[in-house]
Amino acid sequence: MVSGHEIRLNRILRKGKMLCIPMDHGISNGPIEGLADPASMIYRCETHGLTSIIINKGILKTLPKPTKIGVLVHFSSSTSLSMSPNRKMLTGTVEEAVRLGADGVSLHINIGGKEEPEMLEQLGMTADQCHKWDMPLLAMMYPRGENIKDPHDPEIVGHVARIGAECGADIVKTLYTGDVDSFAKIVKSTPVPIVIAGGPKTKTDLDILQMTEDAMTAGAKGVTYGRNIFAHKNPEKIVEALASIIFRKESAKEAMKKLEQN
Ligand SMILES: CC(=O)[C@@H](O)[C@H](O)C(=O)COP(=O)(O)O
Ligand SMILES: N[C@@H](CC=O)C(=O)O
């Protein structure tokens, strides 16, 4: 018998790979460019190669119609208006995710600051509940806090990714280090699949496509890009370009050529 965990995992991945738009910025940053109407953005992009989305429960509850792709519900919250924007608080339960019909749970864990201990506890406890409910857990593991000088430092990224895996996450999302060799080492020392974050919008489309190609070459299992997709002038087309790299192993340059033709 196929477990609920496997059924759900196959809804948020395709052939073991992920092309996901995290849209949880509405709590941390407000209705930023491209996120004024998350539902429309989801329906615009869902048939262009996406495997899944990450959204807060309030968006999931108010979607006018079900989406065709996997949904991870995000339960970490902090805001840029706060005195402690890095202190992510737990704002939901795995049982709630089951009730909402989610296919996965997502947490954001900042490592390297004074609030780290409580986020580690959130991760460990939520992993236990995910195990109980057969719910896949994606941990967004960020080197972020007073002790972090360079969040892309391969040693730090490798440590942070490993923390996510050792605390029980099924998928770890973290920062790309900027070069294939150092990231390949991190992939090898992390016992669960790694996907990479997009970060602020890149200067050119080729930049985000090249980072994607390099991360996949290093062994990443996909990407979770927010602003580089929903704030793009043509979100559907950048999703198609990313899908050609992730699922059809095209190069960034080949994907770029098609993007320019469209
Ligand atoms: C809003 C966030 O916490 C981001 O980390 C988001 O969850 C994410 O996964 C990546 O968003 P980008 O806009 O690609 O940085
Ligand atoms: N959701 C993000 C916003 C920017 O990446 C965060 O909380 O850091």
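No experiment lies behind these values; they were computed from the predicted model shown.

**Topic: the overall build of the protein**
- Across its full length, the protein carries twelve helices and ten strands.
- Along the first, second and third principal axes, the C-alpha set of the protein runs to 50 × 45 × 45 Å.
- Taking all contacts inside the protein whose residues are at least 6 apart in sequence as the whole, residues at least 24 apart take part in 68%.
- Carbon and sulfur atoms provide 54% of the accessible area of the protein, an area that totals close to 12,100 Å².
- Treating the 32 positive side-chain charges of the protein as one cloud and the 31 negative ones as another, the clouds have centres 4 Å apart.

**Brief notes about the environment of S78**
- In this fold, S78 is placed in the loop between β4 (76-77) and β5 (89-90).
- Judged by its relative accessible area of 7%, S78 is buried.
- Sequence-distant contacts of S78, defined by excluding residues within four places in its chain, comprise I27, S28, P85, R87 and K88.
- In this structure the side chain of S78 is engaged in a polar contact, spanning 2.6 Å, whose partner is the backbone oxygen of P85.

**A word on the packing of helix α11 (residues 235-248) against helix α12 (residues 252-261)**
- It is the contact of α11 with α12, at a shortest axis distance of 9 Å, that shows an interaxial angle of 150°. Our classification of the angle between α11 and α12 gives roughly antiparallel. Read as a crossing pair, α11 and α12 show a hand that is right-handed. Residues K237, I238, A241, S244 and I245 of α11 touch α12, and the partners they reach there are A252, A255 and L259.
- Here the residues of the contact of α11 with α12 are counted per class, giving six nonpolar, one polar and one charged.

**Quick look at the packing of helix α9 (residues 205-218) against α11**
- Contact geometry of α9 with α11 gives a least axis separation of 9 Å together with a crossing angle of 25°. In this view, α9 runs roughly parallel relative to α11, as classed from their interaxial angle. Where α9 crosses over α11, the two elements pack in a sense that is right-handed. Across the interface between the two elements, D205, I208, L209, T212, E213 and M216 of α9 pack against I238, A241, L242, I245 and I246 of α11.

**A look at the UniProt feature "binding site: 1-deoxy-D-threo-hexo-2,5-diulose 6-phosphate" (unreviewed entry) in the protein**
- Under the local residue numbering, the UniProt record ascribes the feature "binding site: 1-deoxy-D-threo-hexo-2,5-diulose 6-phosphate" (unreviewed entry) to D24, H25, G26, I27, S28, Y142, P143, R144, G198, G199, G226 and R227.
- The residues contacting I27, other than those within four sequence positions of it, are N56, S77, S78 and T79.
- Relative to the assigned elements, P143 resides in strand β7 (residues 137-143).
- In contact with P143, other than residues within four places in its own chain, are I111, I148, P151, I156, V157, V160, T174 and L175.

**Examining the pattern of salt bridges**
- Inspection of every chain in the model, using the stated rule, returns eleven salt bridges.
- With a closest N to O distance of 3.1 Å, K57 and E96 form a salt bridge. Highlighted residues: K57 in helix α4 (residues 57-62) and E96 in helix α5 (residues 94-100), separated in sequence by 39 residues.
- Among the residues examined, K57 registers a relative accessible area of 26% and is labelled partly exposed.
- Judged by its relative accessible area of 15%, E96 falls in the buried class.

**A few points about the site of ligand 2**
- Taken together, D24, S28, N29, K88, H108, R144 and R227 make up the full set of residues adjacent to ligand 2.
- R227 is positioned such that a nitrogen or oxygen atom in its side chain is 3.1 Å from an oxygen atom of ligand 2.
- The protein chains hide 84% of the 250 Å² of surface that ligand 2 would expose on its own.
- Each residue belonging to the shell around ligand 2 can be placed in one class, and the counts come to no nonpolar, three polar and four charged.

**Quick word on the site of ligand 1**
- Contacts to ligand 1 come from 14 residues, most closely from D24, Y142, K173, G226 and R227.
- One of the side-chain nitrogen or oxygen atoms of H108 is found 3.1 Å away from an oxygen atom of ligand 1.
- A distance of 2.5 Å is found between an oxygen atom of ligand 1 and a side-chain nitrogen or oxygen belonging to Y142.
- Residue assignment for the shell around ligand 1 shows that the elements contributing at least two residues are α2 (25-28) and β7.
- Among the residues forming the shell around ligand 1, the class breakdown is four nonpolar, seven polar and three charged.

Rules behind the numbers
Residues numbered from 1 in each chain as written. Chains lettered and ligands numbered in written order. Predicted model: local features only at pLDDT ≥ 70, side-chain atom pairs only at ≥ 80, totals over all residues. Heavy atoms only, no water. Helix = DSSP H or I, 4+ residues; strand = E, 2+ residues; numbered from the N terminus. Contact = heavy atoms within 4.5 Å. Areas by Shrake-Rupley, 256 points an atom, 1.4 Å probe, with all protein chains shown as cover. Lys, Arg positive; Asp, Glu negative; His and termini not counted. Charge placed at Lys NZ, Arg CZ, Asp CG, Glu CD. Buried < 20%, exposed > 50% of the residue type's maximum accessible area, 1.4 Å probe, protein only. Polar contact = N/O pair within 3.5 Å; in protein donor to acceptor, adjacent residues only side chain to side chain. Axes fitted to C-alpha atoms, helices over the stretch in contact; angles between N-to-C directions. Parallel < 35°, antiparallel > 145°, perpendicular 65-115°, else oblique. Left-handed = near helix turned anticlockwise from the far one by under 90°. Nonpolar A, V, L, I, M, F, W, Y, C, P; charged D, E, K, R; others polar. UniProt positions renumbered as here; feature names shortened; annotations may be inferred. Salt bridge = Lys/Arg side-chain N within 4 Å of Asp/Glu carboxyl O. Near = heavy atom within 4 Å.

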